[in-house]
Amino acid sequence: DGGITQSPKYLFRKEGQNVTLSCEQNLNHDAMYWYRQDPGQGLRLIYYSQIVNDFQKGDIAEGYSVSREKKESFPLTVTSAQKNPTAFYLCASSIGQGFYGYTFGSGTRLTVV
Amino acid sequence: DAKTTQPPSMDCAEGRAANLPCNHSTISGNEYVYWYRQIHSQGPQYIIHGLKNNETNEMASLIITEDRKSSTLILPHATLRDTAVYYCIVRTGVNQGGKLIFGQGTELSVKP
């Protein structure tokens, strides 16, 4: 079945450590996105990529980095520069510019202790 | 993209229609209305979108007022599994850099 997979579902890290969240899709979608969600809040866009080897900052990119070396993969690194990294992270993909909707993964809940 | 306003929460009896309102008074002529929902601790799910005309699919109906300043998402026969946060989003059909901006949404509770 086609879909978008995020792993792991839960992740714990010590403060000051970088951590990389995985996002893989087999939908042959061009565009991929990373969102962050805090408790009781809507989603905020971190980074997005519309084609391989290209990506743009979203509204809250500080302290995060991404790469898009393959169409299927869009990993997100949460660096030690991110002041408040504990959150629910969601990856999404879309055909072209997402006119017919985005497909979301099931999310990774990151807790930094 | 235009801003949307939704009530923070609503209740609905199981089996009845759930009507979720959304105000988007600053919507532009080329902006579409999208609806997504998010069940607790899962990724959001696309429901429906429209420009001017009312739309219907297997999940829901979307009613857009003639002046396009507001819309209503209708779940015709709500079930307990429809309990979720529903997001109304306005965006252009031509992408503005891939941004899908989520507000606070409406938390719908379907009760037996």
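A few points on the structure. (Residues numbered from 1 in each chain as written. Chains lettered and ligands numbered in written order. Predicted model: local features only at pLDDT ≥ 70, side-chain atom pairs only at ≥ 80, totals over all residues. Heavy atoms only, no water.)

Observations regarding the overall build of chain B
No. 1: Counting its secondary structure elements, chain B contains zero helices and nine strands.
No. 2: Relative to a compact globule of 112 residues, whose C-alpha radius of gyration would be 13 Å, chain B shows 13 Å and is just as compact.
No. 3: Here the C-alpha coordinates of chain B stretch approximately 40 × 30 × 25 Å along the principal axes.
No. 4: Long-range contacts, defined as pairs at least 24 residues apart, comprise 58% of the intrachain contacts of chain B with a sequence gap of at least 6. (Helix = DSSP H or I, 4+ residues; strand = E, 2+ residues; numbered from the N terminus. Rg over C-alpha atoms; globule rule 2.2 N^0.38 Å. Contact = heavy atoms within 4.5 Å.)

A few points about the interface of chain B and chain A
No. 1: Each side of the interface is counted separately: chain B has 22 residues, and chain A has 24 residues.
No. 2: There are zero salt bridges connecting chain B and chain A.
No. 3: Every element with two or more residues in the side of chain B that touches chain A is listed here: β3 (31-38), β4 (45-50) and β8 (84-92) of chain B.
No. 4: At four residues, the largest contribution of residues to the side of chain B that touches chain A is made by β3 of chain B.
No. 5: Of the residues that constitute the side of chain B that touches chain A, the class distribution is nine nonpolar, 11 polar and two charged. (Salt bridge = Lys/Arg side-chain N within 4 Å of Asp/Glu carboxyl O. Nonpolar A, V, L, I, M, F, W, Y, C, P; charged D, E, K, R; others polar.)

Considerations on the nonpolar core
No. 1: Trp35, Leu73, Tyr86 and Leu108 of chain B are the most contacted members of the largest nonpolar core, which has 21 residues in total.
No. 2: Listed by contribution, the elements that provide at least two residues to this core are β2 (18-23), β3, β4, β6 (61-64), β7 (70-75), β8 and β9 (106-111) of chain B.
No. 3: Considering every element that reaches this core, the biggest residue donor is β8 of chain B, with four residues.
No. 4: Ignoring sequence-local partners within four residues, the contact set of Leu73 of chain B consists of Ala18, Asn19, Leu20, Trp35, Ile47, Ile48, Ala60, Ser61 and Tyr86 of chain B.
No. 5: Listed in part, the 20 residues of the second largest apolar core include Cys23, Ile60, Leu76 and Val78 of chain A. (Core = buried A, V, L, I, M, F, W, Y, C linked by side-chain atoms within 4.5 Å. Buried < 20%, exposed > 50% of the residue type's maximum accessible area, 1.4 Å probe, protein only.)

Some remarks on the environment of Asn26 of chain A
No. 1: Structurally, Asn26 of chain A is set in the loop between β3 (19-25) and β4 (31-37).
No. 2: Along the primary structure Asn26 of chain A and Gln82 of chain A are separated by 56 residues, whereas in three dimensions their C-alpha atoms are 30 Å apart.

Some thoughts on unusual backbone geometry
No. 1: Pro8 of chain A follows Ser7 of chain A through a cis peptide bond whose omega is -10°.
No. 2: You can see Pro8 of chain A is positioned in the loop between β1 (4-7) and β2 (10-13).
No. 3: In this model, Asn28 of chain A sits at a positive phi of 60°, which is unusual for a non-glycine residue.
No. 4: Tracing the backbone shows Asn28 of chain A in the loop between β3 and β4.
No. 5: A positive phi angle is found at Ser41 of chain B, which is not glycine, with a value near 65°.
No. 6: If you trace the backbone, Ser41 of chain B turns up in the loop between β3 and β4.
No. 7: By relative accessible area, which is 28% here, Ser41 of chain B ends up partly exposed.

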